[in-house]
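# Structural overview for review
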Amino acid sequence: MSWYQENKFAGTLLGVTAVISGALIYLGMSANSDASAAKQKEQAAVNKINALQTNKPYPSKENEKLLLESLATFAADTKKFQDTLLKFRPEDMPKLSANQFSDEVSKYVNKLDTQFKAKKIAYTAKEKPYFGMEAYAGSMAPENATQYLNYNRLGLEWLFTTLADSGITSLNNVHRPLVAEALSKPKEEANPRGRRGRGNNKKQKPTGSTSVYDGLPIEITFTGTEASMQKFITDVAAGEDYFFAIKLIKIRNEEQEPVTISKATFAPAAEAAPAPELEAAGEGDDPAEADAGGEDLGLGGGFDIGGEEEFEAEEDPKIIKQVIGDEQITVFMQLELVLLKDAASVPIPRLKKEAPVKKSPKKAPKTTPTK
């Protein structure tokens, strides 16, 4: 009989004790390894903190000072550029009544119509052109929109006058989006019905300006030569009173096919006429005499050296126009009249305001007491 059979309780207790001891040893070793890993991680963090504390932070005071000076210089340059562009903004934009604006529109249309007819510029549209003011041909403008509309009308008058002077042959179409009317409308409140919802009682922070100008677009289509288009674009870009930006331009040539030499027609060259001395000489004449006569360079005979034969060639106007760029082209342009906002509504960050110079009060002259 074995010892385990004789001592079952003691053997079972011994086995359970061994298993528990092994588990405790394993758990202790695992805890020791985790503790060492945590200790190493903590030491690495301490070393990193010490390294950061020993280094100088960026930006330093010197770098921060230089950065602030650079930002101030940039703000000053921005102010100068703003002042340069504000030369295009009118000093005053009067608000006209509806009747006054209607009279101005009538004068505007009649003036441009007279100029275009004097330049013999044709209108290809069926209706009479109103040069962007078609909406007010038979109706009155809203009172609150006349301020922007009148400035838009003045800018368009200068633009169409420049177009008429460029040498175009026809004005095909004019379209003015109703942007000036939209700019004149008062801004709607966030909650116009006065309902108070959850979270609406908080004061909303004022939003900054998203644009430094208001754009008043105009679309025109005209036909002319390449030279007339170049003159118009050059004059618009060099304008000193109104700032027009060209947003889009499309050009369609009346000749869709390239120049082909085989299609050109030229007159055949004329045959050279024989010399009169050679016609007078016959078969029986002495060749020596003929040679002698041919060598006579006097005034009485011989060849007319100073004479020139003129050859006339028939010109092909279609080919010539394509070569020199004188054919007709149709141009579609989208322009935008830039109305810059005033300086008060476009603040410049970090702009140093110059302090007003304080004038020292004048001291009263000293008076000596009289005896």
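Residues numbered from 1 in each chain as written. Predicted model: local features only at pLDDT ≥ 70, side-chain atom pairs only at ≥ 80, totals over all residues. Heavy atoms only, no water.

### Comments concerning unusual backbone geometry
Applied cut-off: What counts as a helix is a DSSP run of H or I of at least four residues, what counts as a strand is a run of E of at least two, and both are numbered from the N terminus.
At Lys120, a position not held by glycine, the phi torsion is positive, near 60 degrees. Locating Lys120 in the fold gives a position in the loop between helix H4 (98-118) and strand S1 (122-123). Of note in this structure, Phe131 is not a glycine but carries a positive phi near 55 degrees. Topologically, Phe131 is positioned in the loop between S1 and helix H5 (146-165).

### Side note on the side chain of Asn150
Stated formally: Think of it in three bands: with a 1.4 Å probe and only protein chains considered, a residue is buried below 20% of the maximum accessible area for its type, exposed above 50%, and partly exposed in between. Between two residues, a contact is recorded if the distance between any of their heavy atoms is within 4.5 Å.
Within the secondary structure layout, Asn150 lies in helix H5. When its relative accessible area of 8% is taken as the criterion, Asn150 is described as buried. Excluding anything up to four places from it in sequence, Asn150 contacts Leu96 and Phe101.

### Remarks on the pattern of salt bridges
So the rule is basically this: When a carboxyl oxygen of Asp or Glu lies within 4 Å of a side-chain nitrogen of Lys or Arg, that pair is called a salt bridge.
This structure, assessed with the given rule, holds nine salt bridges. The closest approach of N and O atoms between Lys117 and Asp113, which form a salt bridge, is 3.3 Å. A residue pair is termed a helical-turn pair when its members lie 3 or 4 positions apart in one helix, as Lys117 and Asp113 do in helix H4 at four residues. On the basis of relative accessibility, which here comes to 13%, the residue Asp113 falls in the buried class. Between Lys119 and Asp165 there is a salt bridge, with its nearest N and O atoms 3.6 Å apart. Within this pair, whereas Lys119 is found in the loop between H4 and S1, its partner Asp165 is found in helix H5, the two being separated by 46 residues in sequence. One network of salt bridges, in which partners are shared, links Glu104, Lys111, Arg153 and Glu157.

### A short note on the pairing of strand S5 (residues 329-340)
Put simply, the test is: Note: two strands are recorded as paired if DSSP finds a minimum of 2 bridges between them.
With respect to burial, S5 is a largely interior element, nine of its 12 residues being buried. Summarising the sheet, strand S3 (residues 213-224) and S5 pair through 12 bridges and their orientation is antiparallel. Directly across from Thr223, in S5, lies its bridge partner Thr330. Sheet topology places strand S4 (residues 244-253) next to S5; nine bridges connect them, and they run antiparallel.

### Some thoughts on the packing of H4 against H5
This is how it is decided: Note on geometry: axes are C-alpha line fits, over the in-contact stretch for helices, and angles between N-to-C directions span 0 to 180 degrees. Put simply, angles under 35 degrees are roughly parallel, angles over 145 are roughly antiparallel, angles from 65 to 115 are roughly perpendicular, and the rest are oblique. Basically, the charged four are Asp, Glu, Lys and Arg, the nonpolar ten are Ala, Val, Leu, Ile, Met, Phe, Trp, Tyr, Cys and Pro, and anything else, Gly included, counts as polar.
Across the interface, H4 lies against H5 with an axial gap of 10 Å and an inter-helix angle of 5 degrees. With respect to H5, the axis of H4 lies roughly parallel. Between H4 and H5, the contacting residues are Phe101, Glu104, Val105, Tyr108, Lys111, Leu112, Gln115 and Phe116 on the first element and Thr146, Leu149, Asn150, Arg153, Leu156, Glu157, Phe160, Thr161 and Ala164 on the second. Its residues assigned to classes, the contact of H4 with H5 shows nine nonpolar, four polar and four charged.

### Considerations on the packing of H5 against helix H7 (residues 226-237)
For clarity, the threshold we go by: Handedness of a helix crossing follows the sense of rotation of the near helix relative to the far helix, less than a right angle counterclockwise being left-handed and clockwise being right-handed.
In the contact formed by H5 and H7, the axes pass within 9 Å of each other and the chain directions differ by 145 degrees. Pair H5 / H7 crosses with right-handed handedness. Listed contacts from H7 to Trp158, Leu159, Thr162, Leu163 and Asp165 of H5 are Lys231, Phe232, Asp235 and Val236. Residues of the contact of H5 with H7, tallied by class, amount to five nonpolar, one polar and three charged.

### Comments concerning H5
Just so we agree on the cut-off: Here the expected length of a helix is defined as 1.5 Å per residue gap, with one fewer gap than residues.
Between the first and last C-alpha of H5 there are 28 Å, a value that for 20 residues agrees with the 28 Å anticipated at 1.5 Å per step. Within H5, 15 of the 20 residues are buried, which leaves it mostly tucked inside the rest of the structure. Following H5 by one or two positions, Gly167 adopts a phi angle in the positive range, close to 100 degrees.

### A short note on the sheet that holds S4
Strand order across the open sheet formed by five strands is S1-S2-S3-S5-S4, with mixed pairing between neighbours. Both outer strands of the open sheet, S1 and S4, are each paired with one neighbouring strand and no more. Sitting on the sheet, H5 is in contact with strand S2 (170-175), S3, S4 and S5, with an inclination near 30 degrees to S3.

### Thoughts on H4
Note the following rule: Note that the arc is computed from the directions linking the helix axis to the C-beta atoms.
Taking 1.5 Å as the rise per residue, H4 with 21 residues should run 30 Å; its terminal C-alpha atoms sit 30 Å apart, in good agreement. Listed in full, the buried residues belonging to H4 are Ala98, Phe101, Val105, Tyr108, Val109, Leu112, Asp113 and Phe116. Down the axis of H4, the smallest arc covering the buried residues is 120 degrees, so these residues share one side. In H4, the exposed positions angled more than 90 degrees off the buried face are occupied by Asn99, Lys107, Thr114, Lys117 and Ala118. The secondary structure elements touched by the buried residues of H4 are S1, H5 and S2. Where H4 terminates, the next one or two residues include Lys120, which has phi positive at roughly 60 degrees.

### Some points on the packing of aromatic side chains
Our working rule: Note on aromatic contacts: the rings of Phe and Tyr and the six-membered ring of Trp form a pair at centre separations within 6.5 Å, being stacked when their planes are under 30 degrees apart, edge-to-face when over 60 apart, and tilted otherwise.
Scanning all chains against the criterion turns up 11 aromatic pairs. Their ring planes at 75 degrees and their centres at 6.4 Å tell us that Tyr123 and Phe131 sit as a pair that is edge-to-face. Residues Phe222 and Phe232 carry aromatic rings whose centres are separated by 5.8 Å and whose planes lie at 75 degrees to one another, so their mutual orientation is edge-to-face. With Phe222 in strand S3 and Phe232 in helix H7, this residue pair connects regions lying 10 residues apart in the sequence. The class for Phe232 is buried, based on a relative accessible area of 0%. Counting every residue linked through ring pairs, the aromatic cluster contains Tyr108, Phe116, Tyr123, Phe131 and Phe160.

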